[in-house]
Amino acid sequence: MLLELHIRNFAIIEEANLEFGAGLNVLSGETGAGKTIILSALGLLLGSRASPDMIRAGEKEAVVEGLFELEGEAAMPELAARKSDGGRRELLVRRVIAEGGGRSRVTIDGELATVQSLGKIGASLVQVYGQHEQHSLLRAESHREILDRYANLDDELASYRERFAHAEGIQSRLQELNRRERERADLLELARFRATELERAGLVAGEDEALSQERTVLANASKLASAALEAEQALYGADGAASDTVSRAEARLVEAAALDPKLGDALEMIKSARANLEEAARALAAYASKVEADPARLEEIDNRLQELTRLKRKYGGSLDSAIETLERSRAEICELEGIGESKAQVEAAMAAALDQLAAHANKLSSIRKRAAADLGRKMETELKSLGMRTPGFEPRVGALAPDEAGFVHGGAALGPFGIDTVEFHLSPNVGQPAMPLLRIASGGELSRVMLALKRLEAQRRGVATMIFDEVDAGIGGAVAQVVGRKLKQLSHFHQILCVTHLAQIAAYADRHLTVEKEERRGSTRSRVTVLEPGDRAEEIARMLGGEVSDKFRRAARELLERARE
């Protein structure tokens, strides 16, 4: 149950502190005064999306806080452990919206939380019913959703939809195999051609680079041999060669080092240099003797490089990509040659998946049909309490049409939610056959049907608080009084928060709050006031006639007296 709601700098509300009680809590006020803003603020505590646009002009953040009393057994494990001192279980939820790039925060009992967890907790605490839900009854597809919620099919539906998605995945694989089978001959011929061409080429990773280097040497053999010989002569063979000069320096230092050992290190380095020069000269001589022009080998390399260049251009731009193409082609040949066996395996998997899906769909359908019969009986009782003398309400479960299904299996059409369609039929008057709700229901009848559905859903879910946001649209007079009486009856089992424009509903309130808009110092503010019992007649008179007069005051007092009967 919602005990308190504190709002600061939210939309046109500068600051508001609202206290709610058990029973029927009514919010009334002129259009645009801020009643819906209060419910929007409350929606933030239930996990609704926040936006910086919600912050009051000129302020940096908006704050909404709510204190809930957790009645009876908590509906969720997250709530079961929350218990304050003295045994009274309470939950304090706070939501801060920051402007611009500021950080918005959610806290539950002072601990940081996510909006997702807040949404889960909020769904177990409060059920909201707005005008749009009444209009949703005019869409037949919403009827299945309502029946499924009534039947508590969330887990079963989630499991079914996983199976449905699995079957869709197999179906896509089968379609791909069928496509490939149709194109199999062409694809197999192309894969074999690629593999044959690349295998015949005998590709080796890095071969093109090695051949390019060898070609450079062969094309410049004369120049390389000449350079090697000249270098060998300069180091060792010619008069005045470097090795001779180093040898003379070595001889001089041998004598000097005998006189001064400090020259020993230099002498060793010169010896090493002489040895290196002689080794380099021998290597150059050997290189020069081996390098020679080989026109036949050069032509062979040129032809091979041309072949490799052609294959690289054809298969991805590099030798590595051509080799990868060969591996893929071999794998594709194996797959295409075994496509018949693969298809048979996928078809078997498809049949098994559809068998499981159909069994699950039949289970869902059985649950829906039992729930539909139960819902029909209870709805008729609820509608009688809402002023329909002999109502007939039938949630009819039918078969899904093949053109609306993802699969057809065993003569049954299987859609994302099973094999069923659901449509509510209503007979509001005795002797009148039940007809589709969207064809015959008036605004008043829709209001009563939705109110009855919400009552049953809240009762089944164990929700403590129900919020009705202007559910009086399209009704008035006697029907409005019946709806008010029903809300009063509901308030014996649930805390009710109701935003209304109708005096007939407001008259039944246990706690009546008015929302007024005022302009002060160039800004607009909303102000919330809890009406004392003696002030209620004045507000209800305003709701009846707009301008308060003695006539409307008398009518207001009559409504209040009638509501107390």
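This is a predicted model, so every value here is computed, not measured. (Residues numbered from 1 in each chain as written. Predicted model: local features only at pLDDT ≥ 70, side-chain atom pairs only at ≥ 80, totals over all residues. Heavy atoms only, no water.)

**Observations regarding the sheet that holds strand S3 (residues 24-28)**
Rules: Whether two strands pair depends on DSSP finding at least two bridges between them. The helix and strand labels rest on DSSP assignments: H or I over at least four residues marks a helix, E over at least two residues marks a strand, and numbering proceeds from the N terminus. For helices, the axis comes from a line fit to the C-alpha atoms of the stretch in contact; other axes are also lines fit to C-alpha atoms, and the angle between any two N-to-C directions lies between 0 and 180 degrees. Should any heavy atoms of two residues lie within 4.5 Å, those residues are counted as being in contact.
The mixed open sheet is built from six strands, whose spatial order is S8-S14-S15-S3-S16-S17. The sheet is open, and its two borders are formed by strand S8 (126-130) and strand S17 (523-530), each paired with just one other strand. For this sheet, the mean angle separating the axes of adjacent strands, direction not counted, is 15°. Each of S3, strand S14 (465-469), strand S15 (495-499), strand S16 (511-520) and S17 touches helix H1 (residues 35-45); the most contacted strand, S14, lies at about 145° to it. Where helix H3 (residues 115-125) meets the sheet, its contacts fall on S8 and S14, and the angle it forms with S8 comes to roughly 80°.

**Quick look at the sheet that holds strand S12 (residues 420-427)**
Strand order across the open sheet formed by three strands is S9-S12-S13, with antiparallel pairing between neighbours. Of all the strands in the sheet, just strand S9 (392-399) and strand S13 (435-436) have a single pairing partner and so form its edges. Helix H5 (residues 140-150) contacts S9 and S12 of the sheet and is inclined by roughly 100° relative to S12.

**Concerning the environment of Arg163**
Convention followed: The buried label goes to any residue with under 20% of its type's maximum accessible area, the exposed label to any with over 50%, and the partly exposed label to all in between, with areas taken from a 1.4 Å probe on protein chains only.
Its location among the elements puts Arg163 in helix H6 (residues 154-182). Overall, Arg163 belongs to the partly exposed group, its relative accessible area being 32%.

**As for the pattern of salt bridges**
Pairing is possible between side chains that carry opposite charge, provided their charged atoms lie close to one another. Heads up, the condition is: Think of a salt bridge as a Lys or Arg side-chain nitrogen and an Asp or Glu carboxyl oxygen that are within 4 Å of each other.
By the definition in use, this model includes 33 salt bridges. Arg304 is the partner of Glu207 in a salt bridge, and the nearest nitrogen-oxygen pair spans 2.8 Å. Note that Glu207 is positioned in helix H8 (residues 207-219) and Arg304 in helix H12 (residues 295-314), a separation of 97 residues in sequence. As far as the burial class goes, Glu207 and Arg304 line up, both buried. A salt bridge links Asp374 to Arg377; the shortest N-O distance between them is 3.6 Å. Placement of both Asp374 and Arg377 in helix H14 (residues 339-385) is noted, with a separation of three residues, approximately one turn of the helix. Note on Asp374: relative accessible area 19%, which makes it buried.

**Focus on H5**
Within H5 the residues assigned to the buried category are Ser142, His143, Arg144, Ile146, Leu147, Asp148 and Tyr150. Looking one or two residues beyond H5, the residue adopting positive phi is Asn152, at roughly 55°.

**Considerations on the packing of helix H7 (residues 184-201) against helix H13 (residues 319-337)**
We count it as follows: Should an angle lie under 35 degrees it is considered roughly parallel, over 145 roughly antiparallel, and from 65 to 115 roughly perpendicular; all remaining angles are considered oblique. In a left-handed crossing the near helix is turned counterclockwise from the far helix by less than a right angle, and in a right-handed crossing that turn is clockwise. Under the grouping applied here, Gly and all other residues not named as nonpolar or charged are polar, the nonpolar ones being Ala, Val, Leu, Ile, Met, Phe, Trp, Tyr, Cys and Pro and the charged ones Asp, Glu, Lys and Arg.
Closest axis-to-axis distance for the H7/H13 pair is 9 Å, and the angle between their directions is 140°. One element, H7, and the other, H13, form an angle in the oblique class. Judged by the sense of rotation from one axis to the other, the crossing of H7 with H13 is left-handed. Across the interface between the two elements, Arg184, Leu187, Leu188, Ala191, Arg192, Arg194, Ala195, Leu198 and Glu199 from H7 touch Ala322, Thr325, Leu326, Ser329, Arg330, Glu332, Ile333, Leu336 and Glu337 from H13. Of the residues assigned to the contact of H7 with H13, the class counts are nine nonpolar, two polar and seven charged.

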